Every structure is written in C-alpha cells, then in structure tokens.
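A structural walkthrough
Chain residues, written in single-letter form:
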Amino acid sequence: MKVLIADDEKHVRDAIKMLADWDEHGVTGILEASDGQAAVELIAEESPQIVMTDMRMPRMDGTKLLEWIKDNRPDVKTIVISGYDDFELVRHTIRSGGLDYILKPVDPDALNEALEKAVEAVRKEALQDRLSTRQNMELNRMRPHYADKLLTDLIGGPGGKEELARQLRDEFGLPDSAGSCRAAVISAAQLDHEVLDKFGQMPELLYFTLINICNEVLLSGQKGIAFHHLGRPEEIVMLLWDETMPHQAVLENIRQGIDLTLHRQVHIGAGSCLPFPQGTAASYQEARLALWRRNALSGSGWLHADAPQPPKPLRLSSHEESFRLAALSGSAEKIGAAVDAWMSRVGELGAVTPEQLEQWNAEWDWMLKQWMDHNDSPSPDGPEKDALLELPRSLPLDPQGRLSFPLWKAQYEGRLTAASRMLTQRHSRENHIIYDIAAYLENHYAEDISLQDMAARFFLSREYISRRFKQEFGVNISDFLAGVRIEKAKLLLLNPQLRIAQVAEMVGYQDEKYFSKVFKKQEGQTPNEYRKEQAVR
C-alpha cells in the first residue's frame, strides 16, 4: 500500500514520516510532493491509495487537490493535515470525501488513528471489489442459463405465458412483432455413438455447438431463437417467428450447418405455427412427438412435421426370462441366440421409432434393477471395469439417423455380457462413482434433479445410490443438493438488482416461498434478512 504526503514544507513531511507507524498499517511505499500539482502527477504515475495533504500550498492548493481527486480518483482516501483551524476548510474537506482533518503541530495518536481509518477503508473497498468481481463472473455465467430457464418455462405447458414473454423481450431482446411462432426440436440423443463418444465427458460442448449453429441462422434477421431445454438436456429447441421465409428453408440451412460441422445428418421435428406466446407449448409438443415417432427404419426425409399414431407395443420384458437365463449361463452363444430372438420379433413390426428404442432402454434398466436388487450387489469392478458403466449411452442409430441392427445387436450382447458378470459376482463398488454423483449435483444444481435421474444417469439403483451417498457424505442427496443451491444463492443475493424470485429460479427453485423456507432452515434467516445483513457490512 502506498501513501502520498503533499506539503510545501519539507520538515512537516519529515515529521509525518517519522510519527506514523507505517509498518503496522501495511504501508510499503511513501511518496512526497511539494504542492498540489506535483501530487496530481504522482497520483497519475504511482497510484497511491492514501493521500495526506496540506491546505495552503503554491501552484495548486489542498482544496483544488481534493476536488481533483474526487473527480478523477474517487477511490483514493484523503486526510488533511493543516495549520488552519478554519470551518470552511473543514467543510470543504468533508464535501470532497476527506476522512479526517488534523491540525498542526501533528499529534502522533491523531495521525495514526486517521491512517488506520484510511487503511481500513482501502481494504474494505478492495474486498468489496473482489466480491463484486466474483458476483459479476457468476452472473455472467448464469445469464445464458437464465434465458434457457425462461424459454424452457415458455414451452412447459399451460399457465401464464405473457409475463415470460415480457421478460424475454425486456432482458433478451425478443422482438415485439412476434405474433405467431413455430417450434422445432433437435435431440442429441438421436445422434449416433461416434459423435457422442467424440464429445465424451463434455456433452455441454455438443449442446453449445448445436445451439450456436442454430442461432447463427435464426438470430440473423431475427428469424427466431434456439435454446437448451433444461428439463430435457439432450434437446435443442428452436422457436421460429419470421413468417416471411418458409420454415423448411430456415431449418434446411440449420441442417446443412450441422452437417458441415459434425458431418452428420440430424433429424428435426417441427410443430404447427401457433399464436405467440400462448401456442408455443402446443407447437413444441407436436415437434417433439414428430421427431420421436419417426420411422427409424426409413431413410427418407430429415424433417418431420406430423407425428403418426404410436406403433403396436412390443415389451422387452416379455423376453426377460430368456435374457436372464442367457446371462446366467455365461455363454456367448446363448447370449447371441437370445438377442437374435428379440431382433426377429422387432423385425416383424415393420416400423421402429426412436421413442420405442428409448422405451426398450428404460425396460432394460428396469430389468437390470430387478436383477441387481435381487442379488443386493452392484456390478463387477477392477480390470473388467464397471459392468453397468459399459452400457451404451446412445441409441443404435447410424450417421443418417437410421436404426442399425448390427450395432443394436452388439449393444444388447454387451449388456447381457455385463449382466452376466454382475449376476455371477458379488462385490462392493469403489467410492469414486458416489463422488461423480456429487460432482454432477454441484455442476447441475439449477436443474430439476431427482434420485431417479441419478439412477438412470449412473446406471445404479435408487436404493444403492441413496444408501452409499448417505454413508459417504452423511446427508441424503436432496439435502446435499439444497446445500449447494443455497451457497450459490448467497452469492447471487449480493446483487441488489436481482429479485428474490429471480435468485430462486436461477438456483433451481420454482417456488419463491419454498426457496425462502429452505434458505431459512439452512442459514437461520430469510434471504431478505441475509441480503440486508450483507449490505451493511
């Protein structure tokens, strides 16, 4: 910390240097100026945090120096040391932001008391600046998420949409002229395994890439906007409100951009053009159903605007016993035969939709849960890796989005081989998967996360996760997630521009009252009380 002493009398400057306890107050540099003009030049060059100045000096006196500091370097703390007991000079000091007015001859106690006050003010402002910087960084990081939150709510079903539309217009520049709107949907879950494996543990980068490509087309000319569906993380949703250009042409430009970047043909579902904002939810549901009920056996067409009726149901559970016996046998030949029998049944359907593939994956997860619960054991571990984590993350689709029977057969055989190891070995898993779950919660705290979500994502039973998480961290998952959310909320509450309801939404609470209840339970005070307490510090 640097201090500048401005006085036209050298013996006064020497006395101040001798009387002040610089080391105790953390002062490492002492500068001297013989008048106000020289002080201004030194302030510009050296940036001292504290200035001690006389009031009567040649060229530029203390009153002018204080005015210059107030106008140009208001962060500098000033102390006046003068031989004049003049009320007008004192008043001018106060008006200019001076911290103290000390009379000559200088009293050491008064000088050190004023210096301590100035140093404390400098440190307090530095701390506030650091907090403000952290807050701004967090807000900038949260802003895109907040836009996604508003847009996700807009397509989230019945309820008042006008207020959401107003916020989107005010805060994110959506055009006032949008009278109608058509929703379109791309799902990363319908990309093939090579693309998903390429992005590996960075799915957010894939979503970011897809959203950027969509918005390059949509935001040019205000054709619409693309965003990340927070309730269904694999979905990129587009809202198109430019009626001057056919939506097929706009979506074709997007499809070509994705093909150029990822070298993959994406499939896009499109809904009807309905009034904005009231019809956005209905248009989105149409688009989503059209995408998920497309025939994955057909190679024609990438744009899907009409959702056919669901095909005749075929339950994977009807083959559970043959799968289980094949897994228990440990025989690759019997496992292959069980999978072939299933594929033969599917081939009789004539049409297979991505929706069905997802349903069969869910049924597989359910069967695996039953087997695991029955044996009270998770999967094998060690050199063979975790059997459950070997389960494929992608649907068995090729780069054109069509069902690949060879890939599907390999996936199912891999699942049964993993299940075979699980059923023939009992063991306990390493703690690392529980810490992976904790890390996921810390990075996705603003999302709607349930224990079932964690079970599906990490291929473990809900009971196993709940029991092991409590053993490792001493709290259940919901309390752990609440703790993460409240810590984030405490940082956001430092910004007086954010309403409590906004803070609640940004950390994952839809109900402001429930958020306040959780906050008070953890912190012993309401969010508003916490904000007021921090404001006076």
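Please read all numbers here as calculations on a predicted model, not as lab measurements. (Residues numbered from 1 in each chain as written. Predicted model: local features only at pLDDT ≥ 70, side-chain atom pairs only at ≥ 80, totals over all residues. Heavy atoms only, no water.)

Turning our attention to the confidence of the model for the protein. A residue-level look at the protein finds 91% of positions with pLDDT of 70 or above and a mean pLDDT of 86. Low pLDDT (under 50) marks residues 375–391, which in the prediction has 52 contacts with non-local residues, meaning those over four places away or in another chain. Predicted confidence for residues 426–430 stays below pLDDT 50, and this span has 17 contacts to residues more than four positions away or in other chains. (pLDDT = per-residue confidence, 0-100. Contact = heavy atoms within 4.5 Å.)

Taken residue by residue, helix H1 (residues 10–19) has Val 12, Arg 13 and Ile 16 as its buried positions. Buried residues of H1, viewed axially, fall in a sector of 100°; they line one side. In H1, the exposed positions angled more than 90 degrees off the buried face are occupied by Lys 10, His 11 and Met 18. (Buried < 20%, exposed > 50% of the residue type's maximum accessible area, 1.4 Å probe, protein only. Helix = DSSP H or I, 4+ residues; strand = E, 2+ residues; numbered from the N terminus. Arc of directions from axis to C-beta.)

Next up on the list: the pairing of strand E1 (residues 2–6). Burial runs high along E1: four of the five residues are buried. Of the pairings in the sheet, the one linking E1 to strand E2 (residues 29–33) comprises five bridges and is parallel in character. When the sheet's bridge partners are listed, Lys 2 is paired in E2 with Gly 29. Once the chain exits E1 it traverses H1 before rejoining the sheet at E2, and the crossover so formed is right-handed. (Pairing = 2+ DSSP bridges. Right-handed = clockwise from strand over helix to strand, strands pointing away.)

With that settled, consider the nonpolar core. If you look at the biggest cluster of nonpolar residues, it comprises 88 residues, and the most contacted ones within it are Leu 239, Trp 342, Trp 360 and Phe 515. Considering each element in turn, this core owes the most residues, eight residues, to helix H18 (residues 477–492). Setting aside its immediate chain neighbours within four residues, Phe 515 contacts Ile 486, Ala 489, Ile 500, Val 503, Ala 504, Val 507, Tyr 509 and Pro 527. Formed by 28 residues, the second largest nonpolar core is a distinct cluster that contains Leu 191, Leu 206, Ile 236 and Ile 268. (Core = buried A, V, L, I, M, F, W, Y, C linked by side-chain atoms within 4.5 Å.)

Moving on: the sheet that holds strand E7 (residues 224–228). If you trace the five strands from one edge of the open sheet to the other, you get E7-E8-E6-E9-E10, paired in mixed fashion. Each edge of the sheet is formed by a strand with only one pairing partner; in this case those strands are E7 and strand E10 (303–304). Pairing analysis gives two bridges linking strand E9 (residues 268–275) to E10, with the strands arranged parallel. Note on E10: the bridge partner recorded for Gly 269 is His 304. Of the strands in this sheet, strand E6 (180–187), strand E8 (235–240), E9 and E10 touch helix H10 (residues 280–292), which is tilted by about 35° from E6. (Axes fitted to C-alpha atoms, helices over the stretch in contact; angles between N-to-C directions.)

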